[in-house]
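So you can see what is in the structure, the chains are spelled out below.
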Amino acid sequence: MDPKSEEEKATEILTTKYLLEQVRELQLQIESLKSEIKKIRRVPSGKIGLAFVIPGVLSLIFSILKESQILAFIGLGLTFWGALFLFIKPVRYVRSELLHSASLSSYLTLDRIIKDLKFKGKSYYIPPYPKDVYLPEYLKGLKEMTVFISANKGASMPSVEEMAKSKFLLKNPKGICISPPGLGVLIQFEKELRTDLTKMDLDAFLETLPQLVTENIHLAKHVEIEREDGTFRLRISNSIYGNLYVKEELKSVHLLGCPLVSAVACAIAKSTGKVVTIRKDKVSLNGQLIEVWYDLMGD
């Protein structure tokens, strides 16, 4: 082979690896931003409100007993401000368009990589070993959540030895291994649940998922998931990632799923210890309704 072409190929691989690292850093920064927003939502304004309301009510009661207009005015003022603190909570809003733009750069990079490598295969979410399980140093790579994108459909899975090396480009089978786009959301799942999902029962996770997404992390307005043997059907309404499906012609978002869809795939893989694939997705024209079908390999 021409030394020049070998040098160009090596440069291309290094550039691709750098781009993937940037993708991973962006994903983690996005989820960190969401975490900070959630912390701000927890400002104890309710306690401040009660601190005003209770003295206010007592002042009104004493104003009636003592027939004092001064106490009545003080009571009304305290009660008014207490009600404001109780019902108007301080929340810093970040427009969903900002989060969409931050995620978009990751998918554009992935699209470019897949296009340049001319891959037409599927994505396989490969579960990691539990964090507290001892592994020799040369197998440490097996503790990372990974997505294998095959070059062609129907490809076999990489061997344990190949996965343990944490390689980007694989030759047998041909494909690439990357960090899932939903890694940051998955980390937030585990923080909220206060457990490693490798130790959580799958049915318990599926039952918790709707509240986790809609109330704890606020990534969508409605979520439901159904399981039938080794197949899962996820329905998401009004996701903050909906625009990724409609505003850009992204192949990678259908291949890997948006960060929320990807995180659910990661969670199922970790909880079952089995490989998960995205069979297909269906998205409404405005991106407000997202339906995804997952398959559990080995079932």
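Rules used throughout
- Residues numbered from 1 in each chain as written.
- Predicted model: local features only at pLDDT ≥ 70, side-chain atom pairs only at ≥ 80, totals over all residues.
- Heavy atoms only, no water.
- Helix = DSSP H or I, 4+ residues; strand = E, 2+ residues; numbered from the N terminus.
- Buried < 20%, exposed > 50% of the residue type's maximum accessible area, 1.4 Å probe, protein only.
- Contact = heavy atoms within 4.5 Å.
- Polar contact = N/O pair within 3.5 Å; in protein donor to acceptor, adjacent residues only side chain to side chain.
- Patch = residues over 30% accessible without salt bridge, like charges linked within 9 Å, V, L, I, M, F, W, Y side chains within 5 Å.
- Areas by Shrake-Rupley, 256 points an atom, 1.4 Å probe, with all protein chains shown as cover.
- Salt bridge = Lys/Arg side-chain N within 4 Å of Asp/Glu carboxyl O.
- Lys, Arg positive; Asp, Glu negative; His and termini not counted.
- Charge placed at Lys NZ, Arg CZ, Asp CG, Glu CD.
- Phe/Tyr/Trp six-rings, centres within 6.5 Å; stacked < 30°, edge-to-face > 60°.
- Lys NZ or Arg CZ within 6 Å of the ring centre and 35° of its normal.

Novice: Just checking my understanding: could you explain the environment of R227 for this structure?
Specialist: Structurally, the position occupied by R227 is in strand β5 (residues 222-228). For R227, a relative accessible area of 42% corresponds to the partly exposed category. Along the chain, R227 and Y294 lie 67 residues apart, while their C-alpha atoms are 9.5 Å from each other. Sequence-distant contacts of R227, defined by excluding residues within four places in its chain, comprise L202, D203, L206 and F232. Within the structure, R227 has its side chain in polar contact with the side chain of D203 (distance 3.1 Å). Within the structure, the side chain of R227 is placed 3.4 Å from the backbone oxygen of D229, a separation counted as a polar contact.

Novice: Before we go on, may I ask you to explain a positive patch on the surface in this structure?
Specialist: A surface patch of like charges, here positive, comprises K115, K118, K120 and K251. For K251, the position within the fold is in the loop between α8 (243-246) and α9 (252-256).

Novice: Help me out: how do you make sense of the packing of aromatic side chains in this one?
Specialist: The relative placement of two aromatic rings is captured by the distance of their centres and the angle of their planes. Applying the stated criterion to the full structure yields two aromatic pairs. Taking 6.1 Å as the distance between ring centres and 55° as the angle between the ring planes, the aromatic pair formed by F189 and F205 counts as tilted. On the criterion of sequence distance, the pair formed by F189 in helix α6 (residues 183-193) and F205 in helix α7 (residues 202-216) is long-range, its members being 16 residues apart. F205 carries the same exposure label as F189, and that label is buried. Positioned over the ring face of W293 is K280, at 4.6 Å from the centre of the ring.

Novice: Whenever I open this one, α6 confuses me. Can you help?
Specialist: Quick reminder: α-helices carry 3.6 residues per turn. Residues three or four places apart thus point the same way. The buried count for α6 comes to nine of 11 residues, which makes it a mostly enclosed element. Three or more residues of α6 are buried, namely L183, G184, V185, L186, Q188, F189, E190, E192 and L193. Positioned one or two residues after α6, R194 has a phi angle of 55°, which is positive.

Novice: Where do I start with unusual backbone geometry in this structure?
Specialist: Leave glycine aside and you will find that most residues have negative phi; peptide bonds, for their part, are mostly trans. Looking along the chain, the bond that leaves N172 and enters P173 is cis, with omega of 0°. Inspection of the secondary structure puts P173 in the loop between β3 (169-171) and β4 (174-178). A positive phi angle, near 60°, is found at K118, a position not held by glycine. Counting through the fold element by element, K118 comes out in the loop between α4 (96-117) and β1 (123-126). For H218, which is not glycine, the phi dihedral falls at a positive 60°. Looking at the element boundaries, H218 is found in the loop between α7 and β5. Among the residues examined, H218 registers a relative accessible area of 35% and is labelled partly exposed.

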